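Chain residues, written in single-letter form:
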Amino acid sequence: MRFEAEAKRALDTATARGADYADVRFGAVHDEHVEVRNGVVSGFADSESFGFSVRVLRGGAWGFASSADISDAEIDRVAAKAVEVADASAKVKGRGISLAPAGKFVDTYRTPFEIDPATVPLEDRVRYLLDVEKEVRAAKGVTVGKASIDVWRNDKTFASTEGSLIEQTILQCGSAVHALAVGNGDAQDRTFPGTCGLYQTGGYEIVRKAKLLENARRIGEEAVALLTADQCPTGDMDVVLSSDQVSLQIHESIGHALELDRVMGWEANFSGTSFATLDKLGTFRYGNDLVNVVCDMTCPLALATHGYDDEGTPARSVDLIRHGVLVGYMAGRDTAHVANVPVGGVVRSEYWGRLPMIRIGNVNLEPGNVPEEQLIGDVRSGIYMESNRSWSIDDKRLNFQFGCEIGYEIKDGKKTRMLKNPTYAGMTPAFWGACDAIGDAKSWVAWGTPNCGKGEPMQTARSSQGSSPARFRGIQVGVGYGD
């Protein structure tokens, strides 16, 4: 395997310096981003980074160090530095850290794909984006059109003093088209697919599956039409959310709330802690009986899918909410045994040079049995909302207010007039308790989130929230726009 000898050197050095446990990660990251805007290439980035990091546990405290220089002398220095950091951390530790068993694994994993992005010439990608963006501005009244493609490849090798040696290649792709219309003292925008594009694990087939060109003009026309659309009404009413909006709802009110380091108060940056405390495990009513949520790190296509996480734990599916009751958390080896929950392979870092932490993985709302069209058909009076435009939630992940790009009034089971600035608000358990129907498997999509922030220094991670459209009864609508 790649870096096998270098990994052994790092682990031997850390052990000789007194580490009780050590792991080492070598990584090569290649990120590519192409963006066009109003007929020209407005952004292009093609970056690579290489390096390694050593994490050690000594005296019940973590130590970590990294470097971009993969030489024998630097490996020795970094391994010794990680032990020194652990010694310093131990002086201010609390109860001390211990690890849940992970097992010993010698394995390789590669993201399955159909089309290697490297075989698609750059000029072909640029030409496609220019065609897509031109189609957006073919809708009269569009002020700004934008389209983009991202390709991310991460080759990494993990080894630990427990005997694991794991080599992985993770391939992720995504694309999006955006239309902005300005007029009548207003600005409205539409994005496709979903809230931020279609981002999944796989090859260039993910970009083709997004069908940007086929939907570009419609997105432009909708942005323009929103300028003169009626304002979304206010009041308590039934709401049907598109699957991508449900995905955002899951991310903010379930995903972050069930990261076990937040629950335990170890982590609070960017998204606060959590109302879903350990005393609620197994008894707390999180939602309606039909709400079942898992964190499945093996989910095909989902953006966070891999073979193993960054502490060598195999990917698996873990129940978070079953029949509406809180039954689990996303946990790492240093937290799982505290809550007596299983690890699921969710500890990750942004790249080889950052300390891994618990990140939202593939948090999926299991599909229901209601055909998508019937979700609306059973609403006498309500609002359909699609694609997130704004979000706000408190630092316990409890009280929230979200806005969407576009809405439609529902009258007697049919979508009628277009509505702009649709918003809704609620409290997490009450909101999920008001969910009385979830779309079937045909309408289920593994929506990726490419830019979830957490930690200090801040790290960006890629998560996924799979969902079908869903219906919620008696929701507060029109928040921020009423009298």
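Residues numbered from 1 in each chain as written. Predicted model: local features only at pLDDT ≥ 70, side-chain atom pairs only at ≥ 80, totals over all residues. Heavy atoms only, no water.

(A) Structural detail: the overall build of the protein. Regarding its fold elements, the protein presents ten helices and 24 strands. For a compact globule of 483 residues, the expected C-alpha radius of gyration is about 23 Å, and the protein comes in at 23 Å, within 12% of that figure. The dimensions of the protein, computed from C-alpha atoms along their principal axes, are 70 × 55 × 35 Å. Counting over 483 residues, the protein shows a buried share of 59%. For the protein, restricting intrachain contacts to residue pairs at least 6 apart in sequence, the fraction spanning at least 24 positions comes to 74%. Split by element, the accessible area of the protein, about 18,900 Å² in all, is 50% carbon and sulfur. Measuring between centres, the 52 positive side-chain charges of the protein sit 1 Å from its 65 negative side-chain charges. (Helix = DSSP H or I, 4+ residues; strand = E, 2+ residues; numbered from the N terminus. Rg over C-alpha atoms; globule rule 2.2 N^0.38 Å. Buried < 20%, exposed > 50% of the residue type's maximum accessible area, 1.4 Å probe, protein only. Contact = heavy atoms within 4.5 Å. Areas by Shrake-Rupley, 256 points an atom, 1.4 Å probe, with all protein chains shown as cover. Lys, Arg positive; Asp, Glu negative; His and termini not counted. Charge placed at Lys NZ, Arg CZ, Asp CG, Glu CD.)

(B) Representation of the packing of aromatic side chains within the structure. All told, the structure shown has 17 aromatic pairs when counted by the stated rule. Between phenylalanine 275 and phenylalanine 284, the aromatic rings sit 5.9 Å apart at their centres with planes inclined by 65°, giving edge-to-face as the arrangement. The residues phenylalanine 275 and phenylalanine 284 share a single accessibility class, namely buried. Consider the rings of phenylalanine 402 and tyrosine 424, whose centres lie 5.9 Å apart with planes at 75°: the pair is edge-to-face. One end of the pair, phenylalanine 402, is in strand β18 (residues 399-411); the other, tyrosine 424, is in strand β20 (residues 423-427), with 22 residues separating them in the sequence. Judged by its relative accessible area of 0%, phenylalanine 402 is buried. Taken together through their ring pairs, the aromatic side chains of Phe400, Phe402, Tyr424, Phe431, Trp432 and Phe472 make up a single cluster. When the ring centre of tyrosine 21 is taken as reference, the NZ or CZ atom of arginine 333 above it lies at 5.6 Å. Positioned above the aromatic ring of tryptophan 152 is the side chain of arginine 462, whose terminal nitrogen or guanidinium carbon lies 3.6 Å from the ring centre. (Phe/Tyr/Trp six-rings, centres within 6.5 Å; stacked < 30°, edge-to-face > 60°. Lys NZ or Arg CZ within 6 Å of the ring centre and 35° of its normal.)

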